[in-house]
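Given next are the chains, with one letter for each unit.
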Amino acid sequence: MSKVVCVLYDDPVDGYPKSYPRDGLPKIEKYPDGQTLPTPKAIDFAPGALLGSVSGELGLRKYLESQGHKFVVTSDKDGPDSRFERELADAEIVISQPFWPAYLTAERIAKAKNLKLAVTAGIGSDHVDLQAAMDRGMTVAEVTYCNSISVSEHVVMMILGLVRNYIPSYQWVVKGGWNIADCAARSYDLEGMHVGTVAAGRIGLAVLRRLKPFEVKLHYTDRHRLPAEVERELNLTWHPNAEAMVKVCDVVTINAPLHPETENLFNETLIAKMKRGAYLINTARGKICNRDAVARALETGQLAGYAGDVWFPQPAPKDHPWRTMPHHGMTPHISGTSLSAQTRYAAGVREILECWFEKRPIRNEYLIVSGGKLAGTGAHSYSAGNATSGSEEAAKFKTKA
Ligand code: NDP
């Protein structure tokens, strides 16, 4: 018998949904690179249901309890008195989501003597101290590709939202106005602009592909170069680093994981090298951008707009400056948790758990840490080290008005 602790975000304020706007989901056969969607032996949920909140339980309760395991689900994750911290003491498996991350710091890993497996229901395992996980010999796995396309759609939406000044224009309508000049004074066409992505992995490449029909000039920087035929097909310009790329771009989108190499990459110095009036979109991780440098750049006009859905810590404190800075288009961390994505990552978590309990190997592409080192996708896309420092600040969301 194993104890599985699962940290999920709260149900909607009006209660768990009794119905949904649409019936079912389109059938996706394969991811763009040919990788298959999750293949658990069975699922116990209806595709399209809200699975990522506490009552949704990722659709796992029936399966886990039928195997004799103890399954604890909570949203209470921050601070030493939280349910998560208490339940962690004898947990073997922790499941968490980047949207509402249960930060697994070195201190928490040290206290959790039985902890062997951390599963990310989504993509991005930076909420786990990967160095501590390697030192302990834990396995860290995530559901690679489950929401990469979901995020790429969000990125395109946010680029268009900022460049065309959508949100303030919408707000004029809600306020009863007809203020065309107020709306138009910050509104441009995307056509002809230079758009660059920091990282051209699953999300970055999907963003580039989706932007191609907009007749923009596409740029990227990545540690590994894309195949020459992809560069030709999309007419891409590769840059050896972010600094070289941002100098020539009107729009920059960040699609790299958070790890020691990317933490604080967009600091005051790098932002100062961007074109005046550039737009920055970050749906990767909040800590890749320096919080105060972004807010200042929007105030001075160095950036014309900033949008994204990732913050640090999460949930962001109520006084986080990104909530109130000018010309932003922030959302809470939602791009990878559409109902469509939830179906895929819930099935992926089930697949990982089935493999774990049946002592079958977890797919290599799902692995981040295994056998004391970075493995699978982790070995390709991350660098060793820890990016969780400061995560205890997340407890402020509960305590500060
Ligand atoms: P991938 O692993 O497919 O792509 C990551 C890419 O980042 C790889 O191509 C990797 O390069 C590149 N990279 C890593 N470090 C650097 C660096 N220092 N400079 C330039 N490029 C770098 O992952 P996805 O595209 O699926 O996801 C990317 C990230 O997006 C996730 O790690 C997560 O943080 C975030 N995300 C956010 C979501 C949301 O809801 N907002 C949901 C899903 C993901 P290479 O492998 O070539 O070395």
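Bear in mind the structure is a predicted one, so any value in this text is a computation, not a measurement.

J.: Outline the UniProt feature "site: Important for catalytic activity" (unreviewed entry) in the chain, supporting the account with residue identities and numerical values.
T.: In this numbering, the UniProt entry assigns the feature "site: Important for catalytic activity" (unreviewed entry) to Arg 285 and His 333. Taking the farthest pair of C-alpha atoms as the criterion, the annotated set spanning 49 residues converges on one region, since that pair is 9.6 Å apart. In the annotated group above, the largest cavity draws its lining from Arg 285 and His 333. Positionally, Arg 285 belongs in the loop between strand S10 (278-282) and helix H12 (291-300). Residue Arg 285 is classed as buried on the basis of its relative accessible area, which comes to 11%. Once residues within four sequence positions are removed from consideration, Arg 285 is found in contact with Pro 98, Ile 123, Gly 124, Asp 126, Leu 258, Val 310 and His 333. At 3.0 Å, the side chain of Arg 285 forms a polar contact with the backbone oxygen of Ile 123. Along the polypeptide, His 333 turns up in the loop between strand S12 (328-330) and helix H13 (339-357). Those residues within four positions of His 333 in sequence are excluded, and the remaining contacts are Pro 98, Phe 99, Arg 285, Asp 309, Val 310 and Gln 314. A distance of 3.3 Å separates the side chain of His 333 from the backbone oxygen of Pro 98, its partner in a polar contact.

J.: I'd love a proper account of a nonpolar patch on the surface, names of residues and values included.
T.: Taken together, the side chains of Tyr 166, Ile 167, Tyr 170, Val 173 and Val 174 make up a nonpolar region of the molecular surface, amounting to roughly 530 Å² of accessible area. Assignment of secondary structure puts Val 173 in helix H6 (residues 166-174).

J.: If you had to explain the site of the ligand to someone new, which residues and values would you point to?
T.: Surveying the vicinity of the ligand reveals 30 residues, the closest of which are Arg 202, Ile 203, Asp 222, His 224 and His 380. Between a nitrogen atom of the ligand and a side-chain N or O atom of Asp 309, the distance comes to 3.2 Å. Contact with the protein chains hides 94% of the accessible area of the ligand, taken as 930 Å² for the molecule alone. Elements with a minimum of two residues in the shell around the ligand: helix H5 (148-163), helix H8 (202-211) and helix H14 (376-381).

J.: An account of the packing of H5 against H8 is needed here, citing residue identities and associated values.
T.: Put simply, H5 and H8 touch, their axes get as near as 8 Å, and they point 50° apart. Considered as vectors, H5 and H8 are oriented oblique to each other. With respect to the hand of their crossing, H5 and H8 are arranged in right-handed fashion. Of H8, the residues touching H5 (which contributes Ser 148, Ile 149, Val 151, Ser 152, Glu 153, Val 155, Val 156 and Ile 159) are Arg 202, Ile 203, Ala 206, Val 207, Arg 210 and Leu 211.

J.: Could you give an account of the environment of Lys 77, naming the residues involved and the relevant values?
T.: Tracing the backbone shows Lys 77 in the loop between strand S2 (70-74) and helix H2 (83-88). Lys 77 sits 70 residues away from Val 7 along the chain, and the two C-alpha atoms are 7.0 Å apart. For Lys 77, the contacting residues outside a window of four places in its chain are Val 7, Ser 82, Phe 84, Trp 100, Pro 101, Ala 102, Tyr 103, Arg 108, Gln 314, Pro 315 and Ala 394. A distance of 2.8 Å separates the side chain of Lys 77 from the backbone oxygen of Gln 314, its partner in a polar contact.

J.: Go over the state of the cysteines, please, and point to the residues and values.
T.: Tallied over the full model, the rule gives zero disulfides. Not part of a disulfide, Cys 6 finds its nearest cysteine sulfur in Cys 146, a span of 14 Å. A relative accessible area of 0% means that Cys 6 is categorised as buried. Taking the relative accessible area as the measure of exposure, Cys 146 reaches 1% and is therefore buried.

J.: Any chance you could break down the environment of Gly 204 for me, citing the residues and the numbers?
T.: Looking at the secondary structure, you find Gly 204 in helix H8. Assessed through its relative accessible area of 0%, Gly 204 is described here as buried. Distance from Gly 204 to Leu 303, taken between C-alpha atoms, is 21 Å for residues 99 residues apart in sequence. Non-local contacts of Gly 204, meaning those with residues more than four positions away in its chain, are made with Thr 197, Ala 199 and Asn 255.

J.: Requested: an account of empty space enclosed by the protein, with residues and values cited.
T.: The gaps of empty space that remain are located by a probe, the size of a water molecule, rolled over the atoms. Per the stated rule, a full pass over the model turns up three cavities of 30 Å³ or more. By volume, the largest cavity amounts to about 100 Å³. Considered class by class, the residues forming the lining of the largest cavity number six nonpolar, five polar and three charged. Taken as a whole, the second largest cavity spans an internal volume of roughly 60 Å³.

J.: Please set out the sheet that holds strand S6 (residues 194-198) residue by residue, giving values where relevant.
T.: What the seven strands build is an open sheet, ordered S8-S7-S6-S9-S10-S11-S12; its pairing is parallel. Strand pairing shows two members of the sheet lacking a second neighbour, strand S8 (236-239) and S12, which therefore form its edges. Strand-to-strand, the axes of this sheet are offset by a mean angle of 15°, without reference to chain direction. In this structure, strand S7 (residues 217-221) lies alongside S8, joined through four bridges in parallel fashion. Note on S8: the bridge partner recorded for Thr 221 is His 239.

J.: Can you break down the sheet that holds strand S14 (residues 373-374) residue by residue, with the values?
T.: Spatially, S2-S1-S3-S4-S5-S13-S14 is the arrangement adopted by the seven strands of the open sheet, whose pairing is mixed. Single-partner strands in this sheet number two, and they are S2 and S14. In this structure, strand S5 (residues 139-142) lies alongside strand S13 (residues 367-370), joined through two bridges in antiparallel fashion. Bridge pairing in S13 links Val 140 to Val 369.

Calculation rules
Residues numbered from 1 in each chain as written. Predicted model: local features only at pLDDT ≥ 70, side-chain atom pairs only at ≥ 80, totals over all residues. Heavy atoms only, no water. UniProt positions renumbered as here; feature names shortened; annotations may be inferred. 1 Å grid on protein atoms, 1.4 Å probe; cavity = no way out; pocket = protein on both sides within 12 Å on 5 of 7 lines; lining within 4 Å. Helix = DSSP H or I, 4+ residues; strand = E, 2+ residues; numbered from the N terminus. Buried < 20%, exposed > 50% of the residue type's maximum accessible area, 1.4 Å probe, protein only. Contact = heavy atoms within 4.5 Å. Polar contact = N/O pair within 3.5 Å; in protein donor to acceptor, adjacent residues only side chain to side chain. Patch = residues over 30% accessible without salt bridge, like charges linked within 9 Å, V, L, I, M, F, W, Y side chains within 5 Å. Areas by Shrake-Rupley, 256 points an atom, 1.4 Å probe, with all protein chains shown as cover. Salt bridge = Lys/Arg side-chain N within 4 Å of Asp/Glu carboxyl O. Near = heavy atom within 4 Å. Axes fitted to C-alpha atoms, helices over the stretch in contact; angles between N-to-C directions. Parallel < 35°, antiparallel > 145°, perpendicular 65-115°, else oblique. Left-handed = near helix turned anticlockwise from the far one by under 90°. Disulfide = S-S within 2.5 Å. Points joined across faces, edges and corners; volume = space filled by probe spheres on them. Nonpolar A, V, L, I, M, F, W, Y, C, P; charged D, E, K, R; others polar. Pairing = 2+ DSSP bridges.

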